[in-house]
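As a plain string of letters, each chain reads:
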Amino acid sequence: PRRGSGWGALVGVVLVGSAAGFVFGRSSFWAGEAAKAAWQCSLPEVPPDVTSEYRAFCEEAKDAVAEAMDSYPESDSAVAALALLHYLAHDPRGEERCWERCLELRPSHPLAYSRLVALAQQRSDYDRIVELMHKALAVEPRNTTYCGILGSALVHLNRYEESRDVLESQLRLAPGTVDTYMMLGKAYEQLKELEKARRCLETAVALAPRR
């Protein structure tokens, strides 16, 4: 398969965890008119350029996800499993729609934010990342991971004053990571606060001497 073995193992665990314990009904989610009115979705097609073993795994996962969605169409866990199935099928647009649905069902869904940010990063869509992180922080205002992602995206958009304020607030909540100090150092540099920039970058070097 084109995917790394680590991701494959993680996806497998999450798919099993999302589907396990469901008591599957017989009404079809995929064909039912009521479900269609609630939310449009479909099972992805497995791309042709994969190994037979990978295809068999995906087809088995499709059956489990279909049954989970059939019985629990309003479950964020079932929709997350569907999102990961789209990931396995190399369908980023379908995956993104599913993660957005997860956030409708559970606004604090951490994996949904993580994957939506990753998909936006692939497109260099930093405005989208800022939008996502503002939404995430409205739910979890003291989440330092979200602060760091927001601060970094603002740096890429040249919104240095906003980035500085976000990253400074992150440091007030918890010890910073090397990325925090690197991004904050860059924001200070662009704002001509050079002594603060130097101290941040020296701290980053101390945290990651080989970087």
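Residues numbered from 1 in each chain as written. Predicted model: local features only at pLDDT ≥ 70, side-chain atom pairs only at ≥ 80, totals over all residues. Heavy atoms only, no water.

1. Some points on the overall build of the chain
Working step 1: Secondary structure assignment for the chain yields eleven helices and zero strands.
Working step 2: Reading the chain from its N terminus to its C terminus gives the helix and strand order α-α-α-α-α-α-α-α-α-α-α.
Working step 3: Here the chain, with 211 residues, has 43% of them falling under the buried criterion.
Working step 4: A separation threshold of at least 6 residues defines the contact pool for the chain, and within that pool the share at least 24 residues apart is 53%. (Helix = DSSP H or I, 4+ residues; strand = E, 2+ residues; numbered from the N terminus. Buried < 20%, exposed > 50% of the residue type's maximum accessible area, 1.4 Å probe, protein only. Contact = heavy atoms within 4.5 Å.)

2. Some words on the packing of helix α9 (residues 160–173) against helix α10 (residues 178–190)
Working step 1: It is at 9 Å that the axes of α9 and α10 come closest, and there the two elements cross at 140°. Compared by their axis directions, α9 and α10 come out oblique. Seen from above, α9 lies across α10 with left-handed handedness. Together, Y160, S163, R164, L167, E168, Q170 and L171 of α9 and T180, Y181, M183, L184, A187, Y188 and Q190 of α10 make up the contact between the two elements.
Working step 2: When the residues that make up the contact of α9 with α10 are grouped by side-chain class, the tally is eight nonpolar, four polar and two charged. (Axes fitted to C-alpha atoms, helices over the stretch in contact; angles between N-to-C directions. Parallel < 35°, antiparallel > 145°, perpendicular 65-115°, else oblique. Left-handed = near helix turned anticlockwise from the far one by under 90°. Nonpolar A, V, L, I, M, F, W, Y, C, P; charged D, E, K, R; others polar.)

3. Quick look at unusual backbone geometry
Working step 1: Residue S124 is not a glycine yet carries a positive backbone phi of 55°.
Working step 2: Along the chain, the position of S124 falls in the loop between α6 (110–122) and α7 (126–139).

4. A closer look at the packing of helix α5 (residues 92–105) against α6
Working step 1: Interhelical geometry of α5 versus α6 gives an angle of 145° and a closest axis separation of 9 Å. Crossing geometry of α5 relative to α6 is assigned as left-handed. Of α6, the residues touching α5 (which contributes P92, E95, E96, W99, E100, C102 and L103) are L111, A112, Y113, R115, L116 and L119.
Working step 2: Looking at side-chain class alone, the contact of α5 with α6 contains nine nonpolar, no polar and four charged residues.

5. With respect to the nonpolar core
For soluble globular proteins, the rule of thumb is that nonpolar side chains tend to be buried together.
Working step 1: M69, L82, W99, Y113, M133 and L150 are the most contacted members of the largest nonpolar core, which has 39 residues in total.
Working step 2: Among the elements of the structure, α3 (52–71), α4 (76–88), α5, α6, α7 and α8 (144–156) are those that each provide at least two residues to this core.
Working step 3: The element contributing the most residues to this core is α4, with nine residues.
Working step 4: Each residue touching Y113, except ones within four places of it in the same chain, is listed here: L103, P107, S108, L132, M133, K135, A136 and Y146. (Core = buried A, V, L, I, M, F, W, Y, C linked by side-chain atoms within 4.5 Å.)

6. Quick notes on α8
Working step 1: The terminal C-alpha atoms of α8, which comprises 13 residues, lie 19 Å apart, in line with the 18 Å expected from a rise of 1.5 Å per residue.
Working step 2: Burial in α8 covers these residues: Y146, C147, G148, L150, G151, A153, L154 and V155.
Working step 3: The secondary structure elements touched by the buried residues of α8 are α6, α7, α9 and α10.
Working step 4: With a side-chain oxygen positioned 3.0 Å from the backbone nitrogen of T145, the residue opening α8 is N143.
Working step 5: N158 sits one or two residues past α8 and shows a positive phi near 65°. (Expected span 1.5 Å × (residues − 1). Polar contact = N/O pair within 3.5 Å; in protein donor to acceptor, adjacent residues only side chain to side chain.)

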